[in-house]
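For reference, the chains in residue letters:
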Amino acid sequence: MSDSYAPTAPHVSDFNVPVVEEFRANGGRVGGMFEGGDLLLLTTTGARSGREHTTPLGFVRVEGKLLVIGSAGGSDRHPAWYHNVLAHPMVTVELGAEEFTAVAVPAEGAERDRWFAEVVRLVPGYGDYQAGTDRVLPVVALERIRVAGPSEAANLAEKLVEIHTWLRAQLRHVREEADAFLAERAARQGQEGSGEPALGLNLQLRQHCLAFCESLHYHHTGEESMFPRLAEAEPHLEEALRRLSEEHRTVDRIRGELEALIGDLATADPEAFRRELDRMTREMEAHLDYEESALFPVLTAIPFPPGGPA
């Protein structure tokens, strides 16, 4: 099954448009050449444009993972959506009638080879695509974001609890992978060849770290747009909102430093990465704790989504 479809943007071929429309109108079912195939819609953020692009892709489930393959019809160039997920790992997936947010994590090394062998066993056409190019076809896991808590937020405080819970969990995930990164590096020291950690761990850590950084930036940007209205409605929060805005700038600066640090993990100093992550963890946890104590009593009275029941 080919994944060479172009994004549904005005400046590209409109081949995808009827496929996307039919998919959404029929709960994920499409006819014609795609009838009976396993198809999902992947919405990515353009690596250069910053615009959203929705691409129909075949998918395969392997070892409990939802996988998409960067086959591009067997061409010698990676598809645009793959470049997008390397720059912006946070994606939206439409699967049947369901829509959810995920982190796109390409596999590498032995893991990639094992998954791809199973993909080819299930869908032999991918093996034909690989045979037609010297390019190694990317295998990308779409890791669904799951947040513990109420199934549906009834007010803005509950929604922020969901966001904060995910941010804390994602930072713990990055921290665990950083620990594994350092342990792998130490284990390989002195071995013949390279002392660098496994490539798969490099990319996995990079993608989760970028996902955390992007989510944190988006969250703070949304809060800043809300603060003026909140200050007008609740004058007693003026000092708390001023402090939160200052903390946003501090955390955002650290986020930028962290993004720069993971831009090329092949040359980054793992110990410096760990120090930055420790510093960011302390400051972010303190920031989230203060925000919850200062704002949640007020936000509980604001329905979510806006206009919903109080």
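Structure's up top.
Values in this document were obtained by computation on a predicted structure and should not be read as measured data. (Residues numbered from 1 in each chain as written. Predicted model: local features only at pLDDT ≥ 70, side-chain atom pairs only at ≥ 80, totals over all residues. Heavy atoms only, no water.)

A. Geometry of the pattern of salt bridges. A full pass over the atoms with the stated rule returns 19 salt bridges. Between Arg-175 and Asp-278 there is a salt bridge; the shortest N-O distance is 2.7 Å. Residue Arg-175 is located in helix H5 (residues 156–188), and its partner Asp-278 is located in helix H8 (residues 270–299); the two are separated by 103 residues in the primary sequence. Of the charged contacts, one joins Arg-255 and Asp-252 as a salt bridge, the two residues approaching to 2.8 Å between their closest N and O atoms. One end of the pair is Arg-255 and the other is Asp-252, both in helix H7 (residues 238–261) and three residues apart, which spans about a single turn. A relative accessible area of 10% places Arg-255 in the buried class. Among the residues examined, Asp-252 registers a relative accessible area of 27% and is labelled partly exposed. Taken together, the salt bridges that share partners define one network made up of Arg-168, Glu-285, Asp-289 and Glu-292. (Salt bridge = Lys/Arg side-chain N within 4 Å of Asp/Glu carboxyl O. Helix = DSSP H or I, 4+ residues; strand = E, 2+ residues; numbered from the N terminus. Buried < 20%, exposed > 50% of the residue type's maximum accessible area, 1.4 Å probe, protein only.)

B. Just the sheet that holds strand S3 (residues 60–62), in detail. Pairing within the open sheet is antiparallel, and its seven strands lie in the order S2-S1-S5-S6-S7-S4-S3. Two strands close off the open sheet at either side, each with one partner strand: strand S2 (52–58) and S3. Within this sheet the neighbouring strands show an average axis-to-axis angle of 40 degrees, counted without direction. By the bridge criterion, three bridges tie strand S1 (residues 39–45) to strand S5 (residues 90–95) in an arrangement that is antiparallel. (Pairing = 2+ DSSP bridges. Axes fitted to C-alpha atoms, helices over the stretch in contact; angles between N-to-C directions.)

C. Expanded view of the environment of Thr-250. With respect to the element layout, Thr-250 can be found in helix H7. Of the residues examined, Thr-250 reaches a relative accessible area of 28% and is grouped as partly exposed. Remark: the alpha-carbon pair of Thr-250 and Glu-283, spanning 33 residues in sequence, is separated by 8.6 Å.

D. The packing of aromatic side chains, seen in detail. Enumeration according to the criterion identifies two aromatic pairs in this entry. Between the aromatic rings of Trp-81 and Tyr-82, the centroid separation amounts to 6.2 Å while the plane-to-plane angle is 90 degrees, which identifies the pairing as edge-to-face. With relative accessibility at 3%, the residue Trp-81 sits in the buried group. Its relative accessible area of 11% is what places Tyr-82 among the buried residues. Seen from their ring centres, Tyr-126 and Tyr-129 are 6.3 Å apart, and the 65 degrees between their planes marks the pair as edge-to-face. Of this pair, Tyr-126 and Tyr-129 both sit in helix H4 (residues 125–131), three residues apart, which is roughly one turn of the helix. The exposure class assigned to Tyr-126 is buried, which follows from its relative accessible area of 2%. Directly above the ring of Phe-116 sits Arg-112, whose terminal nitrogen or CZ lies 4.4 Å from the centroid. A cation over an aromatic ring shows up here: Arg-144 above the ring of Phe-100, its NZ or CZ 4.4 Å from the ring centre. (Phe/Tyr/Trp six-rings, centres within 6.5 Å; stacked < 30°, edge-to-face > 60°. Lys NZ or Arg CZ within 6 Å of the ring centre and 35° of its normal.)

Keep in mind these numbers describe shape, not what the thing actually does.
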